[in-house]
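So the chains spell out like this:
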Amino acid sequence: MKDVTILNENGIDVNHGLELLGDMEMYDETLQDFITESETRIPQIQTYKEAGDLPNYAILVHAMKSDSKYLGFTKLAELSYNHEMESKASNAEYINAHFEELMKEAARVIAVAKTYLGE
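Let me begin by describing the structure that accompanies this report. A quick note: this is a predicted structure, and the numbers were derived from the prediction, not measured.

### Regarding the overall build of the chain
- Counting secondary structure elements, the chain contains six helices and zero strands.
- What you see for the chain is a C-alpha radius of gyration of 14 Å, in line with the 14 Å of a compact globule of 119 residues.
- C-alpha atoms of the chain, sized along the principal axes, occupy 45 × 25 × 20 Å.
- The proportion of buried residues among the 119 residues of the chain is 39%.
- Taking as baseline every contact in the chain between residues at least 6 positions apart, the subset at least 24 positions apart corresponds to 63%.
- Looking at the chain as shown, the accessible area adds up to about 6500 Å², and 50% of this sits on carbon and sulfur atoms.
- Within the chain, the 22 negative side-chain charges are centred at a point lying 4 Å from the centre of the 10 positive side-chain charges.

As structure tokens, then:
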């Protein structure tokens, strides 16, 4: 059985996620989808950043922000939102200065989620 305290003790607002998704079964499915999508999304985010392709970068960090909000990943949602807004403003300096912070939080959330799911 999955232990939701793993999520709660690591700063994930599961209750917020349940308000939006309804029940733990849907939450777990959405969480698994997030992990699966991150396997391609995160390398693409990095590729777009390195290429200076801010419009496509904005699309992907927007998607990460939306998923993070649904799952209660408050800090990742906030960081993704900041990157989305700054990429839309063509502020590559901000993105470069704060990219590692975004990637660290994404990796942390994914690690916690995988632990919770027993992966």
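### A short note on the nonpolar core
- Membership of the largest hydrophobic core comes to 31 residues, with the highest contact counts inside it found for Tyr27, Leu31, Phe34, Ile45, Phe73, Leu76 and Leu102.
- If you list the elements that add at least two residues to this core, you get helix H2 (14-21), helix H3 (24-51), helix H4 (54-71), helix H5 (74-88) and helix H6 (92-117).
- The biggest single contributor to this core is H6, with 12 residues.
- Here leucine 76 is in contact with Phe34, Met64, Ser68, Leu102, Glu105, Ala106 and Val109, once residues within four sequence places are set aside.

### Some words on H5
- Spanning 15 residues, H5 covers 21 Å between terminal C-alpha atoms, matching the ideal 21 Å at 1.5 Å per step.
- Leu76, Ala77, Leu79, Ser80, His83, Glu84 and Ser87 are the residues of H5 that are buried. Buried residues along H5 cover an arc of 165° about the axis, so they all sit on one side.
- On its buried face, H5 is in contact with H3, H4 and H6.
- Positive phi shows up at serine 90, right after H5, with a value of about 60°.

### A short note on a negative patch on the surface
- Where like charges cluster on the molecular surface, the negative patch consists of Asp23, Glu25, Glu29 and Asp33.
- Summarising the element assignment, aspartate 23 is placed in the loop between H2 and H3.
- Assessed through its relative accessible area of 40%, aspartate 23 is described here as partly exposed.

### Quick look at H4
- Between its first and last C-alpha atoms H4 spans 25 Å; for 18 residues at 1.5 Å apiece the expected length is 26 Å, and the two agree.
- When H4 is considered as a whole, its buried residues turn out to be Leu54, Tyr57, Ala58, Leu60, Val61, Met64, Lys65, Ser68 and Leu71.

### With respect to the packing of H3 against H4
- Contact pair H3 / H4: the axes reach a minimum separation of 10 Å and the direction vectors enclose 160°. Classed by the angle they form, the pair H3 and H4 counts as roughly antiparallel. As H3 packs across H4, the resulting crossing turns out to be left-handed. Between H3 and H4, the residues in contact are Tyr27, Thr30, Leu31, Phe34, Glu37, Arg41, Gln44, Ile45, Tyr48 and Lys49 and Asn56, Tyr57, Leu60, Val61, Ala63, Met64, Asp67, Ser68 and Leu71, respectively.
- Split into classes, the residues belonging to the contact of H3 with H4 amount to 11 nonpolar, four polar and four charged.

Rules used in this analysis
- Along every chain, residues carry numbers that run from 1 in the direction the sequence is written.
- Where totals are concerned, whole chains, interfaces and linings use all residues; where local detail is concerned, this predicted model gives features only for residues with pLDDT of at least 70, and gives and counts side-chain atom pairs only at 80 or more.
- Where side-chain values are given, they derive from all heavy atoms of the structure, hydrogens and water being excluded.
- Runs of H or I in DSSP of at least four residues are treated as helices and runs of E of at least two as strands, each being numbered from the N terminus.
- Our radius of gyration looks at C-alpha atoms and nothing else; its globule reference is 2.2 Å times the residue count to the power 0.38.
- A simple rule labels every residue: compare its accessible area, found with a 1.4 Å probe on the protein chains alone, to the largest value its type can have, and call it buried under 20%, exposed over 50%, or partly exposed in between.
- Whether two residues are in contact is decided by their heavy atoms: any pair within 4.5 Å suffices.
- The Shrake-Rupley method, run with a 1.4 Å probe, gives the accessible areas here. Residue values count only the displayed protein chains as cover.
- His is not counted, nor are the chain ends; Lys and Arg add positive charge and Asp and Glu add negative charge.
- Note on charges: their place is set at NZ of Lys, CZ of Arg, CG of Asp or CD of Glu.
- Among buried residues, those of type Ala, Val, Leu, Ile, Met, Phe, Trp, Tyr and Cys that are joined through side-chain atoms within 4.5 Å constitute a nonpolar core.
- A helix is expected to span 1.5 Å multiplied by its residue count minus one.
- Comment: arc refers to directions from the helix axis out to C-beta atoms.
- Note that patches include only residues with greater than 30% relative accessible area and no salt bridge, and the join distances are 9 Å for like charges and 5 Å for nonpolar side chains (Val, Leu, Ile, Met, Phe, Trp, Tyr).
- We define a salt bridge as a side-chain nitrogen of Lys or Arg found within 4 Å of a carboxyl oxygen belonging to Asp or Glu.
- Axis definition: a line fitted to C-alpha atoms, limited for helices to the stretch in contact. Angles are taken between N-to-C directions and run from 0 to 180 degrees.
- Orientation labels follow simple angle bins: below 35 degrees gives roughly parallel, above 145 gives roughly antiparallel, 65 to 115 gives roughly perpendicular, and whatever is left gives oblique.
- Helix crossings are classified by the rotation of the near helix relative to the far one: an anticlockwise turn of less than a right angle makes the crossing left-handed, while a clockwise turn makes it right-handed.
- Only Asp, Glu, Lys and Arg are considered charged, only Ala, Val, Leu, Ile, Met, Phe, Trp, Tyr, Cys and Pro nonpolar, and every remaining residue, Gly among them, polar.

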